[in-house]
Amino acid sequence: YMESLSAYARQFLDQLKKPDIDEIEGIPPTIAIEQRSASHNPRSTVATTTEIYDYLRLLFARCGTPRSWAPTKTKKDGTVVSRSGRPIESSSATQIVDHVVGFGDGTRMMILAPVVRAKKGFHKDTLEELFKQGWVRARVNGELIDLRDALKEDNENPLNLHRHKKHSIDAVIDRVVIKPEEDDARQRLVESIEAALRIAEGSVIISVESDGTDEARIWTDHAFSEHFADPDHPEISLPELSPRLFSFNSPFGACPDCHGLGVILEFDEELVVPDKDIGLLNNAIVPWKKNGPGGMVYPRYLRRFCRTFDIAPSTKLSAMSDEVYTLLMHGSDAPGALKTRKGWDGVMPMLHAWFNKTESSWVKDHLLGFQREITCPSCCGDRLGIEALHVTIESTHAADMGKAATKTVIGRPRDDGTILNISELARLNITDAVKYIEHLKLSTEQQVIAEAIVREITNRLRFLESVGLEYLSLDRRTATLSGGEAQRIRLATQVGSGLVGACYVLDEPTIGLHQRDNDRLIRTLRHLTDFGNTVLVVEHDEDTIRAADHIIDIGPGPGVHGGRIVAQGSIDDIIAAPESLTGDYLSGRRKIEVPTERRKLSEKKAMVVKGAAENNLKKIDVSFPVGGMICVTGVSGSGKSTLVNQILLPAVKKHILGSKARPGAHTRINGLQHIDRIIEVDQSPIGRTPRSNPATYTGIFDEIRKVFTATKEAKIRGYKPGRFSFNVASKNGGGRCEACAGQGVKKIEMHFLPDVFVECEVCNGKRYNRETLQVTYRGKSIAQVLDMTVEDACDFFENHPKILRFTTCLRDVGLDYITLGQPSTTLSGGEAQRVKLATELGKGTRYDGTPSGEHTLYILDEPTTGLHFEDINKLIGVLNRLADAGNTLIVIEHNLDVIKCADWINDLGPEGGDNGGMLLAAGTPEKVAKVKASYTWQYLKDML
């Protein structure tokens with residue numbers, strides 16, 4: 001298809017290199033849904049990624065009800081406690097007349113033009129202007145006056161109004177009696193209303209006389225507007241409702257303070273003053289420390305503060321009174337500060353001023369380290385301007401709002417959750433959003449308008465449910481999603497497109513899925529095939545393999561030991577193949593055994609998280625006994641990552657490393673004194689450039705270069721370690737090939753053809769110049785060592801413990817087939833994950849797996865990602881070896897083989913999102929397998 005385009009057009013497209021094959025037949029249009037992390041754009045959410053938010057914007061623009069945000073109650077400091085929230089509508093003059101005629105024959109009324117609304121002053125100019133226009137009566141603060149009498153005398157305050165009180169003035173345009181049968185009466189009414197709208201810039205008040213005594217008639221006001229405006233508050237108005245008003249990515253809709261991000265950066269006092277037991281001039285104010293960018297200037301301000309307020313420079317911040325501390329940090333104008341006439345700006349305001357005025361990127365980066373994201377106080381994190389947040393749609397479904405409970409931005413009773421704005425709707429999880437959309441309360445006209453929109457929204461929400469993501473909220477940032485969640489969102493988007501005759505290629509879609517959700521995913525994939533599509537899945541999950549129509553098993557081993565089709569066909573064909581490792585595990589010929597004896601763990605010696613309440617966690621207490629392997633289990637979205645990665649991990653880092661990371665909401669954590677070191681193995685990718693490889697990533701390349709530097713030939717020539725680096729230029733003492741800059745290949749740009757990489761003809765792909773390659777160790781040059789497999793390197797460097805430690809770890813996690821210099825860009829997701837795992841394991845262990853004299857806590861997030869049954873068996877062996885050495889391992893995992901080998905399980909659930917976050921079971925696998933409230937027990941009991 002690409003080659004059918006003109007050469008000119010092809011230069012604008014990303015070109016793919018032609019594969020090294022003989023031929024491919026029957027290729028359909030192909031869509032690849034890869035296993036990769038989601039967008040890190042802070043503006044990207046689940047709703048925007050799936051296009052649901054685009055349809056919601058259209059729905060609110062066409063069927064939403066605008067409401068007034070006029071304050072009805074405020075605090076002394078001006079903070080709005082509640083707002084009007086009354087619907088506001090736009091009405092043409094004809095519609096207003098039709099409404100007025102509906103009051104009935106004989107109704108007496110006044111037509112008023114509101115010219116002043118709740119404004120202070122004498123308003124003499126306004127009265128004179130009305131009189132010049134020919135109007136002789138006005139209503140001032142509800143009382144009728146004759147302008148001729150009021151303006152007789154040349155008085156600055158003709159009505160004796162209080163200058164500093166708010167007043168309202170309406171011009172009396174006409175006084176009429178409704179006579180619907182008379183054309184002249186209707187024409188007079190039309191002209192009067194149009195005149196009022198013209199004078200009051202689109203607003204009119206119809207004051208209708210109702211029952212009362214002859215002396216005291218009762219008048220009831222009815223306000224109308226030509227615009228989306230509050231007739232009582234003309235300053236409160238909306239432009240014409242359009243989709244862009246509801247977009248936080250558009251300047252027309254985004255909150256002006258946070259620009260649509262929902263958060264702003266603010267200096268955090270805990271980071272600015274981490275230790276209050278330090279003397280004021282002994283670097284207590286960390287951003288102003290003596291060796292920092294402000295160390296030459298800002299300590300002078302502190303010395304001046306000490307002299308001005310008679311405070312000793314060595315005074316500890318903890319020894320200061322609250323009034324003095326508030327004065328120091330927030331300035332003399334801050335509430336609660338020491339009362340003084342001597343001005344002091346305060347540390348926090350001075351940091352703000354410094355950050356805003358500096359043009360130095362170094363200073364900016366320095367100060368950013370003392371800032372944290374806080375919810376935008378203007379939009380309360382809703383990202384939108386106040387106009388968009390006051391357009392609502394009603395539903396007959398009373399959604400259980402839970403954590404999506406609205407803020408007081410609108411100020412109307414919201415207990416039943418039936419009237420929501422677009423941000424509140426986006427805070428619902430997928431399940432509640434479906435119910436809300438399906439029960440919208442719309443007029444007959446709106447139902448016709450919304451029919452196609454609602455169908456598109458509902459379809460997309462249903463597809464998200466079908467792939468097990470019903471616990472996600474629509475406003476969830478995609479940057480916070482796991483790789484598996486991001487892939488399933490892309491899958492749901494593709495399913496919603498309804499393509500027929502396409503080939504979908506999926507890379508391990510079951511990652512991050514609990515066994516319970518596998519069936520739902522398989523049903524979704526089967527739904528694609530029922531439409532006549534082909535689904536090609538790269539997968540290790542047993543349920544998915546057994547559900548396939550056709551299986552291709554490649555092996556028999558990894559790397560150089562594989563690359564052949566061992567078996568293909570039905571599940572029975574795979575099981576019958578003698579060479580197939582996959583068949584061995586599917587048939588039961590091989591299996592991962594349940595441990596005959598588990599490590600005895602006790603809650604008496606444990607890390608205990610108390611009152612965990614971040615995200616969906618329900619103030620739970622969870623114990624992590626030390627000295628064994630602990631698995632945290634539960635369905636997707638049950639709170640596992642929140643508990644471990646957002647609460648426990650930052651708390652341990654803060655305790656051991658002094659990290660600035662702030663743990664999620666919890667009461668306290670006991671038992672951190674048991675941990676000396678922490679190693680985190682997450683799913684973030686390793687290097688993405690060809691210069692990055694397993695040797696450089698693990699750090700053993702530095703040791704290998706030292707080995708070559710220590711050879712006799714290198715010493716004679718005076719070579720240093722930099723000589724053996726392909727990243728150091730020759731002019732700086734390096735020994736790389738300058739023709740290819742140490743890459744071994746040259747990139748030839750072909751413009752409208754794909755870029756061509758050709759092997760460097762000078763070094764023949766070896767990366768180094770001839771002189772460097774003449775230095776050998778045990779008969780091997782540095783280039784030949786980089787071409788070695790991990791398996792060979794273990795034997796080659798058996799007398800170098802530092803190198804052997806890492807190569808052994810790489811071998812033990814099943815990567816014995818990769819070469820030391822294999823570019824990171826050629827590693828699969830599972831291989832890259834295991835390189836990182838081996839690196840982290842090697843950092844804290846000797847080559848025999850024993851710890852380096854310290855109790856280490858390892859935190860692993862789904863380490864079985866991309867692993868075959870055989871690889872998982874090897875991984876469990878590595879984890880057990882670390883646990884046998886007395887370390888503690890906390891593993892977030894869905895794989896039942898890993899779970900059954902754990903010493904302790906903390907099972908969360910029962911569901912995802914708001915219906916999860918509870919500790920269902922804790923203890924040995926045998927104990928958890930008896931708890932029927934847990935989904936995990938249904939699958940675990942059979943494994944045991």
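Located above this text is the structure these notes cover.
**Q** Explanation requested: the overall build of the protein chain in the structure shown.
**A** Broken down by element type, the protein chain carries 34 helices and 33 strands. Principal axes of the C-alpha set define a box for the protein chain whose edges measure 115 × 80 × 65 Å. For the protein chain, buried positions account for 48% of its 944 residues. Considering only intrachain contacts with a sequence separation of at least 6, the fraction spanning at least 24 residues in the protein chain is 66%. Per element, the accessible surface of the protein chain, about 46200 Å² overall, is 48% carbon and sulfur. For the protein chain, the centre of its 118 positive side-chain charges and the centre of its 128 negative side-chain charges are spaced 8 Å apart.

**Q** What is the right way to read helix α3 (residues 52-63) from this model?
**A** Turn by turn, an α-helix covers 3.6 residues, leaving residues three or four places apart pointing in a common direction. Look at α3: 16 Å from first C-alpha to last across 12 residues, which is about the 16 Å you get at 1.5 Å a residue. Three or more residues of α3 are buried, namely Ile52, Tyr53, Leu56, Arg57, Leu59, Phe60, Ala61 and Cys63.

**Q** Teacher, can you tell me more about the packing of α3 against helix α16 (residues 444-466) here?
**A** In a pair of packed helices, the angle between the axes and the distance between the axes together describe the arrangement. At their nearest, the axes of α3 and α16 sit 10 Å apart, and the two run at 160 degrees to each other. Regarding the angle of α3 to α16, the classification is roughly antiparallel. As for how α3 packs across α16, the hand of that crossing is left-handed. Only Gln446, Ile449, Ala450, Ile453, Val454, Glu456, Ile457, Arg460, Leu461 and Leu464 of α16 make contact with α3, whose side of the interface consists of Ile52, Tyr55, Leu56, Leu58, Leu59, Arg62 and Cys63. Considered class by class, the residues forming the contact of α3 with α16 number 13 nonpolar, 1 polar and 3 charged.

**Q** Please clarify how unusual backbone geometry should be interpreted in this entry.
**A** Keep in mind that most residues, glycine aside, have a negative phi and that most peptide bonds are trans. The peptide bond linking glycine 555 to proline 556 adopts the cis configuration, its omega dihedral lying at 5 degrees. Looking at the element boundaries, proline 556 is found in the loop between β19 (551-555) and β20 (564-569). The peptide bond linking glycine 909 to proline 910 adopts the cis configuration, its omega dihedral lying at 5 degrees. The backbone of asparagine 283 shows a phi angle near 65 degrees, a positive value even though the residue is not glycine. By the element assignment, asparagine 283 lies in helix α9 (residues 280-284).

**Q** I'm lost on the pattern of salt bridges in this one. Help?
**A** Any two side chains of opposite charge can pair, so long as their charged atoms come close to each other. Here the structure, examined in full by the defined rule, presents 41 salt bridges. The salt bridge involving arginine 188 is made with aspartate 174; its shortest N-O contact spans 2.7 Å. Placement of arginine 188 in helix α7 (residues 183-199) and of aspartate 174 in strand β8 (residues 166-177) is noted, with a sequence separation of 14 residues between them. Aspartate 517 is paired through a salt bridge with arginine 520; the nearest N and O atoms lie 3.3 Å apart. Linking aspartate 517 with arginine 520, this pair stays in helix α18 (residues 515-530), spanning 3 residues, or about one helical turn. One connected set of salt bridges, linked through shared partners, spans Glu470, Arg516, Asp517, Arg520 and Glu911.

**Q** Sorry, what's going on with the side chain of aspartate 903 here?
**A** When you line up the elements, aspartate 903 lands in the loop between α32 (896-900) and β32 (904-909). You can call aspartate 903 buried: its relative accessible area is 3%. Only 2.7 Å separates the side chain of aspartate 903 from the side chain of arginine 599, close enough to count as a polar contact. In terms of polar contacts, aspartate 903 uses its side chain to reach the backbone amide nitrogen of methionine 629, at 2.8 Å. In contact with aspartate 903, other than residues within four places in its own chain, are Arg598, Arg599, Leu601, Gly628, Met629, Gly923, Thr924 and Pro925.

**Q** What is the right way to look at the packing of aromatic side chains in this model?
**A** How two aromatic rings sit relative to each other is given by the distance of their centres and the angle of their planes. In the structure shown here, the tally under the stated rule is 17 aromatic pairs. Between tyrosine 777 and phenylalanine 797, the ring centres sit 6.4 Å apart and the planes meet at 10 degrees, which makes this aromatic pair stacked. Of this pair, tyrosine 777 sits in strand β28 (residues 776-777) while phenylalanine 797 sits in the loop between α28 (790-796) and α29 (801-812), placing them 20 residues apart in sequence. Each member of the pair, tyrosine 777 as well as phenylalanine 797, carries the same accessibility label: buried. The ring of phenylalanine 701 has arginine 705 sitting right over it, with the charged end atom 5.5 Å from the ring centre. One residue, arginine 778, lies across the ring of phenylalanine 796, its end atom 4.9 Å from the ring centre.

**Q** Help me understand the pairing of β19, please; the structure alone is not making it clear to me.
**A** Both faces of the sheet carry side chains from a regular strand, because those side chains alternate between them. Side chains of β19 alternate between two faces, with Ile551, Asp553 and Gly555 buried and Ile552 and Ile554 left unburied. Across 5 bridges, the pairing between β19 and β20 is antiparallel. Across the sheet, aspartate 553 pairs through a bridge with alanine 567, a residue of β20.

**Q** So what exactly am I meant to see when it comes to α7 here?
**A** If you check α7, its first and last C-alpha atoms are 25 Å apart, about what 17 residues at 1.5 Å a residue would give, namely 24 Å. Looking at the buried positions of α7, the neighbouring elements they touch are α4 (93-101), β5 (108-120), β8 and β9 (203-210). Looking one or two residues beyond α7, the residue adopting positive phi is glutamate 201, at roughly 55 degrees.

**Q** Just to check I follow, could you spell out a positive patch on the surface for this structure?
**A** A surface patch of like charges, here positive, comprises Lys290, Arg300, Arg303, Arg304 and Arg307. Along the polypeptide, arginine 300 turns up in helix α10 (residues 298-308).

**Q** I keep staring at the sheet that holds strand β24 (residues 668-670) and nothing clicks. Help me out?
**A** In any sheet, the strands associate via hydrogen bonds between backbone groups, in a parallel or an antiparallel arrangement. The strand order across the open sheet built from 3 strands is β22-β21-β24, with neighbouring strands paired in antiparallel fashion. Each having just a single partner strand, β22 (620-625) and β24 make up the two edges of the open sheet. Between one strand axis and the next, the sheet turns by 15 degrees as a mean value, whatever way the strands run. Two strands pair when backbone bridges link them, and strand β21 (residues 606-612) and β24 are joined in this way by 3 bridges, in the antiparallel orientation. Note that in β24 the partner of valine 609 across the bridge is isoleucine 669. Sheet strands in contact with helix α22 (residues 640-657) are β21, β22 and β24, and its direction is about 120 degrees off that of β21.

**Q** Could you clarify how one ought to interpret the environment of glycine 468 in this entry?
**A** Note that glycine 468 resides in the loop between α16 and α17 (483-497). The contacts of glycine 468, once residues within four sequence positions are left out, are Arg488 and Arg520.

**Q** Sorry if this is basic, but what is going on with the sheet that holds strand β15 (residues 391-394) here?
**A** Taking strand neighbours across the sheet as the criterion, the 3 strands line up as β2-β15-β16 in an open arrangement whose pairing is antiparallel. The open sheet has two edge strands, β2 (65-66) and β16 (419-421), and neither has a second partner. Strand direction decides the pairing type here: β2 and β15, joined by 2 bridges, are antiparallel. Pairing of proline 66 across the sheet is with valine 391, part of β15. Packed onto the sheet, α3 meets β2, β15 and β16 and runs at close to 90 degrees relative to β15.

Analysis parameters
Residues numbered from 1 in each chain as written. Predicted model: local features only at pLDDT ≥ 70, side-chain atom pairs only at ≥ 80, totals over all residues. Heavy atoms only, no water. Helix = DSSP H or I, 4+ residues; strand = E, 2+ residues; numbered from the N terminus. Buried < 20%, exposed > 50% of the residue type's maximum accessible area, 1.4 Å probe, protein only. Contact = heavy atoms within 4.5 Å. Areas by Shrake-Rupley, 256 points an atom, 1.4 Å probe, with all protein chains shown as cover. Lys, Arg positive; Asp, Glu negative; His and termini not counted. Charge placed at Lys NZ, Arg CZ, Asp CG, Glu CD. Expected span 1.5 Å × (residues − 1). Axes fitted to C-alpha atoms, helices over the stretch in contact; angles between N-to-C directions. Parallel < 35°, antiparallel > 145°, perpendicular 65-115°, else oblique. Left-handed = near helix turned anticlockwise from the far one by under 90°. Nonpolar A, V, L, I, M, F, W, Y, C, P; charged D, E, K, R; others polar. Salt bridge = Lys/Arg side-chain N within 4 Å of Asp/Glu carboxyl O. Polar contact = N/O pair within 3.5 Å; in protein donor to acceptor, adjacent residues only side chain to side chain. Phe/Tyr/Trp six-rings, centres within 6.5 Å; stacked < 30°, edge-to-face > 60°. Lys NZ or Arg CZ within 6 Å of the ring centre and 35° of its normal. Pairing = 2+ DSSP bridges. Patch = residues over 30% accessible without salt bridge, like charges linked within 9 Å, V, L, I, M, F, W, Y side chains within 5 Å.

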